[in-house]
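# Per-entry structural report
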Amino acid sequence: MATLDKIIALTERVENCVDAGDWIEAAALDMQRVEVIGQYLNEVGDGPGRAAAAQMLRDLLVRNELAMRKVQVMRELIVEKNARLKVSKKALQAYVAHTAAEPAGPA
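Presented here is a report on the structure given in the accompanying data block. (Residues numbered from 1 in each chain as written. Predicted model: local features only at pLDDT ≥ 70, side-chain atom pairs only at ≥ 80, totals over all residues. Heavy atoms only, no water.)

### Focus: the overall build of the chain
Just so we agree on the cut-off: Numbering of helices and strands runs from the N terminus; a helix is a DSSP stretch of H or I covering at least four residues, while a strand is a stretch of E covering at least two. Taken over C-alpha atoms, the radius of gyration is set against a globule rule of 2.2 Å times the number of residues to the power 0.38. Between two residues, a contact is recorded if the distance between any of their heavy atoms is within 4.5 Å. For every accessible area listed, the method is Shrake-Rupley and the probe measures 1.4 Å; residues are considered covered only by the protein chains on display. Only four residue types enter the tally: Lys and Arg on the positive side, Asp and Glu on the negative side, with His and both chain ends excluded. Charge placement uses NZ in Lys and CZ in Arg. For Asp and Glu, CG and CD serve respectively.
Looking only at helices and strands, one finds 3 helices and 0 strands in the chain. Secondary structure elements in the chain, listed N-terminal to C-terminal, are α-α-α. The C-alpha radius of gyration computed for the chain amounts to 25 Å, which surpasses the reference 13 Å derived for 107 residues by more than 25%, pointing to a less compact arrangement than a globule. Structurally, the chain occupies a C-alpha span of about 90 × 20 × 15 Å along its principal axes. Long-range pairs, those at least 24 residues apart, make up 59% of the contacts in the chain with a sequence separation of at least 6. Put simply, the chain shows about 8,100 Å² of open surface, and 62% of that area lies on carbon and sulfur atoms. Between the averaged position of the 14 positive side-chain charges in the chain and that of its 15 negative side-chain charges there is a distance of 6 Å.

### Observations concerning the layout of surface pockets
Keep this limit in mind: Any residue with an atom within 4 Å of a point lines the site, the site being either a cavity, points on a 1 Å grid over the protein atoms alone where a 1.4 Å probe fits but cannot get out, or a pocket, an open set with protein on both sides within 12 Å along at least 5 of 7 lines. Grid points are joined across faces, edges and corners, and a volume is the space filled by probe spheres set on the points.
Of the voids in this model, the largest pocket is the one considered here, and its volume is about 190 Å³. In terms of lining, the largest pocket is formed by V14, V18, W23, A26, A27, D30, R33, N64, A67, M68 and V71. Looking at the lining of the largest pocket, the elements with two or more residues in it are α1 (3–20), α2 (23–44) and α3 (50–101). Among the elements that take part in the lining of the largest pocket, α2 stands out by supplying 5 residues, more than any other.

### Section: the packing of α2 against α3
Note the threshold: Think of each axis as a best-fit line through the C-alpha atoms, taken over the contacting stretch in the case of a helix, with angles from 0 to 180 degrees between the N-to-C directions. Small angles under 35 degrees read as roughly parallel and large ones over 145 as roughly antiparallel, with 65 to 115 read as roughly perpendicular and the rest as oblique.
At a closest axis distance of 12 Å, the pairing of α2 and α3 adopts a crossing angle of 170°. Between α2 and α3, the angle is such that the two are roughly antiparallel. Residues W23, R33, I37, Y40, L41 and V44 of α2 pack against R50, A53, M56, L57, L60, N64, V71, M74, R75 and I78 of α3.

### Describing the nonpolar core
Rules: The nonpolar core is taken to be a set of buried Ala, Val, Leu, Ile, Met, Phe, Trp, Tyr and Cys residues, with the residues joined through side-chain atoms within 4.5 Å. Burial here depends on accessible area, computed with a 1.4 Å probe over protein chains only, as a share of the maximum for the residue type. Under 20% is buried, over 50% is exposed, and the range in between is partly exposed.
Judged by nonpolar contacts, the single largest core of 17 residues is most densely connected at I7, V18 and Y40. Contact partners of I7, with chain neighbours within four places excluded, come to R33, V36, I37, Y40, M56 and L60.

### Here we look at the packing of α1 against α3
Each pair of packed helices can be described by the angle between their axes along with the distance between the axes. The condition is simple: Take the far helix as the reference: if the near one is turned anticlockwise from it by less than a right angle, the crossing is left-handed, and if turned clockwise, right-handed.
At a closest axis distance of 10 Å, the pairing of α1 and α3 adopts a crossing angle of 10°. On the basis of their axis angle, the class for α1 and α3 is roughly parallel. Here the hand of the crossing between α1 and α3 comes out left-handed. Taken together, the residues of α3 that come into contact with α1 (itself represented by L4, I7, T11, E12, E15, V18 and D19) are M56, L60, R63, A67, K70, V71 and M74.

### Considering the side chain of T11
Position of T11 relative to the elements: it lies in helix α1. Once residues lying within four places of it in the same chain are set aside, the contact partners of T11 are R33, L60 and R63.

### Considering the side chain of R33
Definition in use: A 3.5 Å cut-off defines polar contacts: any pair of N or O atoms within that distance qualifies, except that in protein one atom must be a possible hydrogen donor and the other a possible acceptor, and neighbouring residues in sequence count only when both atoms are side-chain atoms.
Inspection of the secondary structure assignment puts R33 in helix α2. By relative accessible area, which is 3% here, R33 ends up buried. Separated by 3.0 Å, the side chains of R33 and T11 make a polar contact. With residues up to four places along the chain from it excluded, the contact list for R33 reads I7, L10, T11, L60 and N64.

Everything listed here is a matter of coordinates, which is why it stays silent on function.
Put into structure tokens, the structure is as follows:
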């Protein structure tokens, strides 16, 4: 597999992991991708493929920004859900405390 194909394949895998919420795997794959991009840039050097490499990097940047927006939205949803769960837990605790404090009714 050519180096550029590896970069695209890793990019797709990172995006799939982000979409699935598997951020740990996405981060690991992104580290691999950074290494492969470095290899690619070393291969290209100052040669004729430099313009194509620059365009590829611009395209990857756009894709990365989209992935980061998805991560930010997911993070915000998790924070919101966590806040609701905390409120629900407090409400449940208050209810339990209130019902435990009430005297038992006629039997």
